[in-house]
Amino acid sequence: MLELHQFRHSAFCLKVRMALHVKGLSFREVEVTPGIGQLAVFRLSGQRQVPVLVDGDTVVADSSAICRYLEELQPESPFFPKDRRAVAQVHLIEDWADTTLAGSVRAALLQAAVDDPDLRAALLPDDVPGPIRQVMTGVPTGWLSGVNELFGQEERSAMLHNLIAIADGLTADSVLVGDSLSLADLAVAAQLSLLRFPASSGPQLAGRGVAGLSDHPRLQPLFEWRDRLDARLLQQDPAAV
Ligand SMILES: N[C@@H](CCC(=O)N[C@@H](CS)C(=O)NCC(=O)O)C(=O)O
């Protein structure tokens, strides 16, 4: 049985969970505790980040490397279109989503968590003990935001510009490249989870996210598209056992 070592609310881990569902592969989720649990991740994979996929003796780190491994393991429901130009577009969009978009949504969510103690509480792992949870959510906003502005105006408008451009061309059941689902869809949909958490993130987080973006009128088609994908891939079949 495949094992996915993950942080539940990591967008990169969500991308891999979606990919596993597209391929119809069953897997076991191993929740990693941030910090201390990453020692085991390092011992296993030679680096400390999640997601890490374990398939018997094979250990693969990095969401893109894992998706390419899954593509070889299970060629059906391919992650890439046939047309060469479309393949290039998928690579470009996946790379943009995993780097530029990932950096911006992370900064946006951190900023939102600084501003909103309830969101901060919802983001803590479920097994954080009550007293620690209280201290973490009680941290005065001023103290945290004193660090500096996390999510700058320029970064926000660049991200918004790109997301609106995508949203404008979408309907709920369209795909980003070609005419079937590809890694471009999974990579973008996964990063959007940090702006507005999907139903598969659980009742504490579903629908919450970054104020001003999660409810931005021009982005609604994008979140509706993402919600469709989330429902199709992750909700009806909680295949992970
Ligand atoms: N390029 C990697 C990025 C993975 C990544 O950034 N993982 C984060 C969780 S979202 C992580 O493990 N952070 C902990 C750390 O860097 O120590 C991928 O695509 O998998």
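Residues numbered from 1 in each chain as written. Predicted model: local features only at pLDDT ≥ 70, side-chain atom pairs only at ≥ 80, totals over all residues. Heavy atoms only, no water.

(A) Structural view of the sheet that holds strand S3 (residues 52–55). Taken in spatial order, the 4 strands line up as S2-S1-S3-S4 in an open sheet, and their pairing is mixed. Looking at strand neighbours, the two that pair on one side only are strand S2 (27–31) and strand S4 (58–61), the edges of this open sheet. Strand-to-strand twist in this sheet, taken as the mean axis angle between neighbours without regard to direction, amounts to 20°. Relative to S3, strand S1 (residues 2–6) runs antiparallel, the two being bridged by 3 bridges. Residue pairing in the sheet places His-5 in a bridge with Val-52 of S3. Sitting on the sheet, helix H1 (residues 11–22) touches S1 and S2, and the angle it makes with S1 is about 160°. Taken strand by strand, helix H3 (residues 63–73) contacts S1, S3 and S4, and its axis lies near 135° from that of S4. (Pairing = 2+ DSSP bridges. Helix = DSSP H or I, 4+ residues; strand = E, 2+ residues; numbered from the N terminus. Axes fitted to C-alpha atoms, helices over the stretch in contact; angles between N-to-C directions. Contact = heavy atoms within 4.5 Å.)

(B) Looking closely at the pattern of salt bridges. One pass over the full model with this rule turns up 9 salt bridges. Across the pair Glu-94 and Lys-15 runs a salt bridge, and its minimum N-O distance is 2.9 Å. Residue Glu-94 is found in helix H4 (residues 84–115), and its partner Lys-15 is found in helix H1; the two are separated by 79 residues along the sequence. Measuring nitrogen to oxygen at the nearest pair gives 2.6 Å for the salt bridge that ties Glu-71 to Lys-23. With Glu-71 in helix H3 and Lys-23 in the loop between H1 and S2, the pair connects residues that are 48 residues apart, well separated along the chain. Exposure remark for Glu-71: the relative accessible area of 17% places this residue in the buried category. Because the salt bridges share partners, they merge into one network encompassing Lys-15, Arg-68, Glu-94 and Asp-98. (Salt bridge = Lys/Arg side-chain N within 4 Å of Asp/Glu carboxyl O. Buried < 20%, exposed > 50% of the residue type's maximum accessible area, 1.4 Å probe, protein only.)

(C) Main features of the packing of H3 against H4. Taken N-terminus to C-terminus, the directions of H3 and H4 make an angle of 145°; their axes are 11 Å apart at the nearest point. Listed contacts from H4 to Ser-63, Ser-64 and Arg-68 of H3 are His-91, Glu-94 and Asp-98.

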